[in-house]
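# Coordinate analysis (summary)
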Amino acid sequence: MRISLTEFVTLDGVCQGPGSPDEDTSDGFAAGGWHVPHMDATFVQRASDWLDLADGLLLGRRTYQAFARDWPAITDPADPFAERMNTLPKYVVSNTLTEGTWQPTTVLRGDPARTVAELRARPGRELQIHGSARLGDALLAAGLVDTLRLVVAPTVLRTGRRLLTGPGTPSGLRLAHHEATPNGLLLLEYETTGQAPLGTYEGVAAFT
């Protein structure tokens, strides 16, 4: 399976608490809900298209527990995500959880790089990480993420936890698709290409 990572971020890279003011107030964060004002029908359709590619969800403990609390409570048959989120296989990376409450769930204990690599080697389409920024960052640094999807909101917060700040080898990316929604969300899809290349600028002649 391919590993895909989908994250909502601000222009200054904040990924904390996109969905509501009380979603994640850790470290005193009080600016949650910044993604919601920019959602529109185009974004919802693209997010649904992405979920169509999933053969499973890969989550960190904190995101898993929040999703396990919230998604089963969504019973509206018109909701484009709830049925799939609730029925897809879930894999939660945790050394503290012993079992899942949001079925079907498998708890992956031990070294995340090893357990996720074993999953990635199985046949299938995408194993999708939604949120779980720390897990996604660690797996990208370990070379285990194949696709990175960023939903960039036209917002600068200047506070909050930022995406992709952990240690590791610099990652090279290739832009595979981009789109702007009517409400200003920028949808960016990247394929990973290994270690980020470096170069020295020697004038415009090299690019013409």
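Residue indices begin from 1 for each chain and proceed along its sequence in written order. The model is predicted, so local features are restricted to residues of pLDDT at least 70 and side-chain atom pairs to those at 80 or more, both for listing and for counting; the totals for chains, interfaces and linings are taken over all residues. Each side-chain value is worked out from all heavy atoms of the structure, with water and hydrogens disregarded.

Identification of the chain as Dihydrofolate reductase family protein from Streptomyces buecherae is taken from an unreviewed UniProt entry.

### Focus: the sheet that holds strand S8 (residues 186-195)
Strands in a sheet are paired, the pairing made by backbone hydrogen bonds, and the direction either parallel or antiparallel. Strands qualify as paired when DSSP identifies two bridges or more between them. The helix count covers DSSP runs of H or I at least four residues long, the strand count covers runs of E at least two residues long, and both are numbered beginning at the N terminus. Ordered in space as S4-S3-S2-S5-S1-S6-S8-S7, the eight strands form an open sheet in which the pairing is mixed. Every interior strand has two partners, whereas the edge strands, strand S4 (105-108) and strand S7 (171-180), have only one. Neighbour-to-neighbour, the strand axes of the sheet open up by a mean angle of 25°, direction not taken into account. Taken together, the four bridges between strand S2 (residues 54-60) and strand S3 (residues 90-93) define a ladder with parallel strand orientation. Bridge pairing links Gly 60 to Val 93 in S3. Each of strand S1 (2-10), S2, S3, S4 and strand S5 (126-130) is contacted by helix H4 (residues 112-120), which is oriented at about 160° to S3, the strand it contacts most. Contacts between residues were defined by any pair of non-hydrogen atoms, one from each residue, lying within 4.5 Å. Axes here mean lines fitted to C-alpha atoms, for a helix over just the part in contact, with angles spanning 0 to 180 degrees between N-to-C directions. Against the sheet, helix H5 (residues 133-141) engages S1, S2, S3, S5, S7 and S8, with an angle of about 105° to S2.

### Considerations on the pattern of salt bridges
We count a salt bridge whenever a side-chain nitrogen from Lys or Arg sits within 4 Å of a carboxyl oxygen from Asp or Glu. Under the counting rule described, the total for this entry stands at 13 salt bridges. For Arg 2, the salt bridge is made with Glu 191, and the minimal N-O distance between the two is 2.4 Å. Of this pair, Arg 2 sits in strand S1 while Glu 191 sits in strand S8, and the two are 189 residues apart along the sequence. Here's how the labels work: a residue is buried when its accessible area is under 20% of the maximum for its type, exposed when over 50%, partly exposed in between, all with a 1.4 Å probe on protein chains only. According to the relative accessible area criterion, Arg 2 is partly exposed, its value standing at 36%. Residue classification places Glu 191 among the buried residues on the basis of a relative accessible area of 16%. Among the ionic pairs, Arg 162 bridges to Asp 12, the shortest N-O distance being 3.3 Å. Of this pair, Arg 162 sits in the loop between strand S6 (147-153) and S7 while Asp 12 is found in the loop between S1 and helix H1 (41-51), placing the two residues 150 residues apart along the sequence. Given a relative accessible area of 34%, Arg 162 falls into the partly exposed group. Among the ionic contacts, a cluster of salt bridges with common partners joins Asp 24, Arg 62 and Arg 161.

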